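Structural description and commentary
Read off the chains here:
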Amino acid sequence: TDTLLIKATSSSKTTDLRSTNASLPDISSIESIVLQDRTSSGSLRQTQQKLYLDQTGVYDMTSSSHTLTVYAGSEDAILVSNIAGATGANQWAFNPLTNTYTCTYTPAGGGSAITLTVQVVVSENDTLVVSDASVDFTQGTGIPSIKDIETIDLKTVGAGAGLGNSLVLSASAVDNMTASA
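Nothing here was measured: the structure is a model prediction, and the numbers come from that model.

**What to know about the nonpolar core**
By size, the foremost hydrophobic cluster in this structure holds 22 residues, and its most contacted members are Ile33, Leu51, Leu53 and Ile78. For this core, the secondary structure elements donating two or more residues are strand S3 (32-36), strand S4 (48-53), helix H1 (55-61), strand S5 (67-72), strand S6 (77-80), strand S8 (100-105) and strand S9 (114-122). Ranked by size, the runner-up nonpolar core spans eight residues in total, among them Leu128, Ile146, Ile149 and Ala173.

**Some thoughts on the sheet that holds strand S1 (residues 3-7)**
In spatial order, the strands read S1-S3-S5-S9-S8-S7; together these six strands make up an open sheet with mixed pairing. The open sheet is flanked by S1 and strand S7 (93-95), the only strands paired with a single partner. Pairs of neighbouring strands in the sheet enclose a mean axial angle of 15°, with direction left out of account. Across six bridges, the pairing between S5 and S9 is parallel.

**Structural notes on the pairing of S5**
For a regular strand, the rule is simple: side chains alternate between the two faces of the sheet. As judged from the three bridges shared by S3 and S5, these two strands associate in the parallel manner. Each bridged residue has a counterpart across the sheet, and for Val34 the counterpart in S5 is Tyr71.

**A word on the pattern of salt bridges**
As enumerated under the stated definition, the model contains one salt bridge in all. Measuring nitrogen to oxygen at the nearest pair gives 2.9 Å for the salt bridge that ties Asp16 to Arg18. Looking at Asp16, the relative accessible area reads 22%, which means it is partly exposed.

**Focus: unusual backbone geometry**
Even without glycine at this site, His66 takes up a positive phi of about 55°. Mapped onto the elements of the fold, His66 is located in the loop between H1 and S5. According to the relative accessible area criterion, His66 is buried, its value standing at 13%. Despite not being glycine, Asn99 has its phi angle at roughly 55°, a positive value. Positionally, Asn99 belongs in the loop between S7 and S8.

**Observations concerning the packing of aromatic side chains**
With the rule as written, the count across this model stands at three aromatic pairs. Plain terms: the ring middles of Tyr59 and Tyr105 are 5.2 Å apart, the flat faces sit at 40° to each other, and that makes the pair tilted. Remark: Tyr105 occurs in strand S8 and Tyr59 occurs in helix H1; sequence separation between them is 46 residues. When the centroid spacing of 6.4 Å and the interplanar angle of 85° are considered together, the rings of Trp92 and Tyr101 count as edge-to-face.

**Details of the layout of surface pockets**
Its volume calculated, the second largest pocket comes out at about 200 Å³. For the second largest pocket, the lining is made up of 15 residues, of which Phe137, Ile143, Pro144, Ala173 and Asn176 are closest to its centre. Tallied by class, the residues present in the lining of the second largest pocket amount to six nonpolar, eight polar and one charged.

**A few points about the sheet that holds S4**
The three strands lie next to each other as S2-S4-S6, forming an open sheet whose pairing is parallel. Each of the sheet's edge strands pairs with one partner strand only, and the pair in question is strand S2 (12-16) and S6. On average, adjacent strands in this sheet sit at an angle of 10° to one another, irrespective of strand direction. Bridging between S4 and S6 involves four bridges; their strand directions are parallel. Across the sheet, the residue bridging to Lys50 is Ala77, located in S6.

Reading the values: rules and limits
Residues numbered from 1 in each chain as written. Predicted model: local features only at pLDDT ≥ 70, side-chain atom pairs only at ≥ 80, totals over all residues. Heavy atoms only, no water. Core = buried A, V, L, I, M, F, W, Y, C linked by side-chain atoms within 4.5 Å. Buried < 20%, exposed > 50% of the residue type's maximum accessible area, 1.4 Å probe, protein only. Helix = DSSP H or I, 4+ residues; strand = E, 2+ residues; numbered from the N terminus. Pairing = 2+ DSSP bridges. Axes fitted to C-alpha atoms, helices over the stretch in contact; angles between N-to-C directions. Salt bridge = Lys/Arg side-chain N within 4 Å of Asp/Glu carboxyl O. Phe/Tyr/Trp six-rings, centres within 6.5 Å; stacked < 30°, edge-to-face > 60°. 1 Å grid on protein atoms, 1.4 Å probe; cavity = no way out; pocket = protein on both sides within 12 Å on 5 of 7 lines; lining within 4 Å. Points joined across faces, edges and corners; volume = space filled by probe spheres on them. Nonpolar A, V, L, I, M, F, W, Y, C, P; charged D, E, K, R; others polar.

Dropping the structure here:
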């Protein structure tokens, strides 16, 4: 799968891949776009990314399947717009059950009508990084309030990461960490 990776460079990022963008880079034969909340140095950065797409842009950048999958976080916005003059089946139709946009598109200069598909996959995985050699999450004091996490990362380089980390957890500690704030 050929993927275009768009990394965060600030707290907010807009990428316009519509055909109306005069400075649109030449992107072709891709199947997916990943909006990533990591900087070029690899550190996490919570961002709101906006990605703009239209029929001609999707047609020009995708492979022969004419299907594009966009991987985004819940804070991101994928804005799929219609090209000028699109009517009826040529307009994007959204299926909320599959989070998919589809339309019929006839390339400029004629040719057969084809189906374009944009699938938006939204993932949210909040991670607690533990770099201490030992942490007891059952203690009543000394542990900050932690909410809304799905993953505990013991590999990130730090004071003890990957060197035999030891965690003490209980059902109530896990329930507290994974509950909404």
